[in-house]
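Residues per chain, in single letters:
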Amino acid sequence: MEVPLWLALLAVGYLGVKLIRPPAWLIAVLLLGGFLLADSVLAPAIDPFVK
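This is a predicted model, so every value here is computed, not measured.

Novice: What is the right way to read a nonpolar patch on the surface from this model?
Specialist: A cluster of nonpolar residues, Met1, Val3, Trp6, Leu7 and Leu10, forms a patch on the protein surface that exposes about 640 Å² of accessible area. Checked against the element boundaries, tryptophan 6 lands in helix α1 (residues 5-20). The class of tryptophan 6 is exposed, set by a relative accessible area of 59%.

Quick look at the structure:
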């Protein structure tokens, strides 16, 4: 069975928010930080750890 990455991330994110209940500012910081980090000069150094 193959599940699209976006669907798996959506399910994990939904369950994480429902079960752990992190504050909204923490979610925003993590999403924005990840987005900005992916477009930075550090992206090639992080890429092997993500894959």
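Novice: Explain α1 to me, please; I cannot follow it from the model alone.
Specialist: Residues that lie three or four places apart on an α-helix share one face, since the helix turns once every 3.6 residues. With 16 residues, α1 ought to run about 22 Å at 1.5 Å a step, and its terminal C-alpha atoms sit 22 Å apart, in line with that. α1 sits mainly on the outside: 0 of its 16 residues count as buried. A positive backbone phi angle near 55 degrees is found at arginine 21, which sits one or two residues after α1.

Novice: Quick question: what am I supposed to make of unusual backbone geometry here?
Specialist: For residues that are not glycine, phi is negative in most cases, and the peptide bond is trans in most cases. Phi at arginine 21 is positive, roughly 55 degrees, even though this residue is not glycine. Structurally, arginine 21 is set in the loop between α1 and α2 (24-38). You can call arginine 21 exposed: its relative accessible area is 63%.

Novice: Explain the environment of glycine 16 to me, please; I cannot follow it from the model alone.
Specialist: Relative to the helices and strands, glycine 16 is located in helix α1. In this structure glycine 16 comes out as partly exposed when scored by relative accessible area, which is 23%. In this structure the C-alpha to C-alpha distance between glycine 16 and lysine 51, which are 35 residues apart in sequence, comes to 22 Å. With sequence-adjacent residues up to four places away left out, glycine 16 is seen in contact with Arg21 and Pro22.

Conventions and cut-offs
- Residues numbered from 1 in each chain as written.
- Predicted model: local features only at pLDDT ≥ 70, side-chain atom pairs only at ≥ 80, totals over all residues.
- Heavy atoms only, no water.
- Patch = residues over 30% accessible without salt bridge, like charges linked within 9 Å, V, L, I, M, F, W, Y side chains within 5 Å.
- Areas by Shrake-Rupley, 256 points an atom, 1.4 Å probe, with all protein chains shown as cover.
- Salt bridge = Lys/Arg side-chain N within 4 Å of Asp/Glu carboxyl O.
- Helix = DSSP H or I, 4+ residues; strand = E, 2+ residues; numbered from the N terminus.
- Buried < 20%, exposed > 50% of the residue type's maximum accessible area, 1.4 Å probe, protein only.
- Expected span 1.5 Å × (residues − 1).
- Contact = heavy atoms within 4.5 Å.

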